[in-house]
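Structure assessment
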Amino acid sequence: TWHLKKIPQIVSRRTFSLDSPKFEAKPKLELNSVCGIECQRKLPVPNLSDLKDLLSYETVFENGTRTLTEVNVLGPVLDPARNTTTRRSPRKKRQIYGTDSRFSIYDKRFMTNFPFNTAVKISTGCSGVLISPKHVLTAAHCLHNGKDYVKGSKRLRVGLMRTKSRGDGRKRRGGKRNGMPSFQWTRVKSTHIPKGWFKGVSGDIALDYDYAVLELKRPHKRKYMELGISPTIKMMPGSMIHFSGFDNDRSGQLVYRFCSISDESNDLFYQYCDAEPGSTGSGVYLRLKEPNKKKWKRKIIAVFSGHQWVDVNGEQQDYNVAVRITPLKYAQICFWIHGNDETCTQG
């Protein structure tokens, strides 16, 4: 069941202008030498002052201007005992491990209906998910490498799926039109990234803050996915998660997968979902019952950060990771969407 929780409130303290970014970083769909699961166990729990700094955020606008907004955190801030994991499992390569368990969605009825039609393509090569009529959630490293914004993010666009109408394209001789989606591209008005992602604030790239929200220039009329507070593994049916994205090795196809989570920290999920670059930034969701109702509801509980390489005891090891929507992150993303609104007090 989805449980309502009292959410901390994030409010703007002050906003000031920064120099325009250079937009010269190279897009990187896989990250190297980041703080992985073993490193996470040693991290100290951030205090309130740290959280205010980490949750302050940069906004980049379509014309290339940039601002920094400092925030205050009000209300209950959960103080976890430690940034530790609940259980350990052996590490192994898991982009595609053994039998490929991904599903390409070809049927137009599925592709253009909820929840699959909430998946979007980001022009820098990643995926994302619609979370309001004007907002998309994706991974921060699709837009920023920790030091600068990536090439192409100055004129960022989001592709919403549509299947080709009957008059689109030429029919191949002796063949049938395929069901692959085309995209309706929309310009991005502004981009929000938490300061915790930037090098110099966290000392290194911190996967805990690998998320960003894009505000679209024009609203869409599609059903979008609501945010939910990420439950612990024990509270998930079969510990299963689901997400859809646009994997690079299946060009033009929407790829769906589900798998069980193997490990967790306060901010991250570690799992064995088969995934290739391109699916990074997808919205990870669960289907749980609404309180006191027989109705089931899907909600986004994490952002797929992708396939990561980390140094463990001097050796490179890899895993797939997703950034959990904690109460604080829920409050921040909700603030980006709604501003100071009553909507953001219950999650």
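Here goes a summary of the coordinates provided.

Procedures and definitions
Counting restarts for each chain, with residues numbered from 1 along the sequence as it is written. A pLDDT threshold of at least 70 governs which residues receive local features in this predicted model, and a stricter bar of 80 or more applies before side-chain atom pairs are shown or counted, although totals over entire chains, interfaces and linings include all residues. Just so you know, side-chain values use all the structure's heavy atoms and leave hydrogens and water out. Secondary structure elements follow DSSP: runs of H or I of four or more residues count as helices, runs of E of two or more count as strands, with numbering from the N terminus. Three exposure classes are used, based on accessible area relative to the maximum for each residue type with a 1.4 Å probe and protein chains only: buried under 20%, partly exposed in between, and exposed over 50%. Contacts: residue pairs with any heavy atoms within 4.5 Å of one another. Surface accessibility follows the Shrake-Rupley procedure with a 1.4 Å probe radius. Residue values consider only the protein chains on display as shielding. Pairs of N or O atoms within 3.5 Å make up the polar contacts considered here, provided that, within protein, one atom can donate a hydrogen while the other can accept it, and that residues adjacent in sequence are counted only when both atoms are side-chain atoms. By convention in this document, the label disulfide applies to cysteine sulfur atom pairs within 2.5 Å. What we call a nonpolar core is a set of buried Ala, Val, Leu, Ile, Met, Phe, Trp, Tyr and Cys residues that are connected through their side-chain atoms within 4.5 Å. Note on aromatic pairs: the rings of Phe, Tyr and Trp (six-membered ring only in Trp) are paired at centre separations within 6.5 Å, and the planes decide the class, stacked below 30 degrees, edge-to-face beyond 60, tilted for the rest. Each ring is checked for a lysine NZ or an arginine CZ that lies within 6 Å of its centre and within 35 degrees of its normal; such an atom marks a charge sitting over the ring. Using a grid of 1 Å spacing that covers the protein atoms alone, one calls a set of points a cavity when a 1.4 Å probe fits there but cannot get out, and a pocket when the set is open and has protein on both sides within 12 Å along at least five of seven lines; lining residues are those with an atom within 4 Å of a point. Grid points are joined across faces, edges and corners, and a volume is the space filled by probe spheres set on the points. All amino acids are sorted into three groups, where Ala, Val, Leu, Ile, Met, Phe, Trp, Tyr, Cys and Pro are nonpolar, Asp, Glu, Lys and Arg are charged, and the leftover types, Gly among them, are polar. Multiplying one less than the number of residues by 1.5 Å gives the expected span of a helix. Put simply, a salt bridge is a Lys or Arg side-chain nitrogen that is within 4 Å of an Asp or Glu carboxyl oxygen.

Brief notes about the overall build of the protein
For the protein, the count of helices and strands is four helices and 17 strands. Considering the protein as a whole, with its 347 residues, one finds that 53% of them fall into the buried category. Restricting to contacts in the protein with at least 6 residues of sequence separation, those with at least 24 account for 75%. Accessible area for the protein stands at about 16,500 Å²; split by element, carbon and sulfur atoms hold 48% of it.

Concerning the side chain of His192
On the secondary structure map, His192 appears in strand 9 (residues 181–194). Here His192 falls in the buried class, since its relative accessible area comes to 10%. Separated by 2.8 Å, the side chains of His192 and Thr59 make a polar contact. With near-sequence residues (within four places) excluded, His192 lies in contact with Tyr57, Glu58, Thr59, Ala212, Val213 and Trp336.

Let's talk about the state of the cysteines
Under the counting rule described, the total for this entry stands at two disulfides. Each sulfur of the disulfide joining Cys126 and Cys142 lies 2.1 Å from the other. On the sign convention where negative means left-handed, the S-S torsion of about -95 degrees between Cys126 and Cys142 marks this disulfide as left-handed. Separated by 16 residues along the polypeptide, Cys126 in the loop between strand 5 (119–122) and strand 6 (127–130) and Cys142 in the loop between strand 7 (135–138) and strand 8 (157–163) bring together distant segments of the chain. Residue Cys126 shares its accessibility class with Cys142, and that shared class is buried. Between the sulfur atoms of Cys334 and its disulfide partner Cys344 the distance amounts to 2.1 Å.

What to know about the nonpolar core
Counting 67 residues, the largest nonpolar core has Leu55, Leu137, Val158 and Ile333 as its most contacted members. Once residues within four sequence positions are removed from consideration, Val158 is found in contact with Val120, Lys121, Ile122, Val136, Gln184, Trp185, Thr186, Val188, Leu214 and Leu216.

Remarks on the packing of aromatic side chains
Inspection of every chain in the model, using the stated rule, returns 10 aromatic pairs. Plain terms: the ring middles of Phe183 and Trp185 are 5.7 Å apart, the flat faces sit at 50 degrees to each other, and that makes the pair tilted. Among the residues examined, Trp185 registers a relative accessible area of 29% and is labelled partly exposed. Measuring from ring centre to ring centre gives 5.2 Å for Phe183 and Phe246, while their planes differ by 75 degrees; the resulting arrangement is edge-to-face. Here Phe246 lies in the loop between strand 12 (240–245) and strand 13 (254–264) and Phe183 lies in strand 9, a separation of 63 residues in the sequence. By relative accessible area, which is 16% here, Phe183 ends up buried. In textbook terms, an aromatic cluster arises when at least three aromatic residues are bridged by ring pairs, as seen for Tyr57, Tyr209, Tyr211, Phe335 and Trp336. In this structure, Arg157 packs its charged tip against the face of Trp185, placed 4.6 Å from the ring centre.

Brief notes about empty space enclosed by the protein
Going through the model one piece at a time under the given rule, you end up with four cavities of 30 Å³ or more. In this model, the largest cavity occupies a volume close to 90 Å³. Residue assignment for the lining of the largest cavity shows that the elements contributing at least two residues are strand 2 (57–61) and strand 9. Ranked by residues supplied to the lining of the largest cavity, first place goes to strand 9 with five residues. Of the residues in the lining of the largest cavity, the class split is seven nonpolar, three polar and three charged. Roughly 50 Å³ of volume is contained in the second largest cavity. If you trace the second largest cavity, you find it lined by Pro115, Thr118, Ala119, Gly128, Val129, Met225, Phe243, Ser244, Gly283 and Tyr285. Sorting the residues of the lining of the second largest cavity by element identifies strand 6, strand 12 and strand 15 (283–289) as the ones contributing at least two each. For the lining of the second largest cavity, the class distribution of residues is six nonpolar, four polar and no charged.

Focus on helix 4 (residues 327–338)
Since the α-helix advances by 3.6 residues per turn, residues separated by three or four positions end up pointing in the same direction. The terminal C-alpha atoms of helix 4, which comprises 12 residues, lie 16 Å apart, in line with the 16 Å expected from a rise of 1.5 Å per residue. Most of helix 4 sits out of view: 11 of its 12 residues are buried. Of all the residues in helix 4, the buried ones are Pro327, Leu328, Lys329, Tyr330, Ala331, Gln332, Ile333, Cys334, Phe335, Trp336 and Ile337. The positive-phi residue at the C-terminal boundary of helix 4 is Gly339, with phi of around 75 degrees.

Some points on the pattern of salt bridges
Counting across every chain of the model gives 13 salt bridges. In this structure, Lys189 and Glu215 form a salt bridge, with 3.9 Å as the shortest nitrogen-oxygen distance. Remark: Glu215 occurs in strand 10 (residues 212–216) and Lys189 occurs in strand 9; sequence separation between them is 26 residues. For Lys329, the salt bridge is made with Asp267, and the minimal N-O distance between the two is 2.9 Å. Here the residue Lys329 occupies a position in helix 4, and Asp267 occupies one in the loop between strand 13 and strand 14 (268–271), the gap between them amounting to 62 residues. You'll find Lys329 and Asp267 in the same group, each marked buried. Through salt bridges with shared partners, a single network forms among Arg13, Arg14 and Glu70.

Just distances and angles here, no functional claims.
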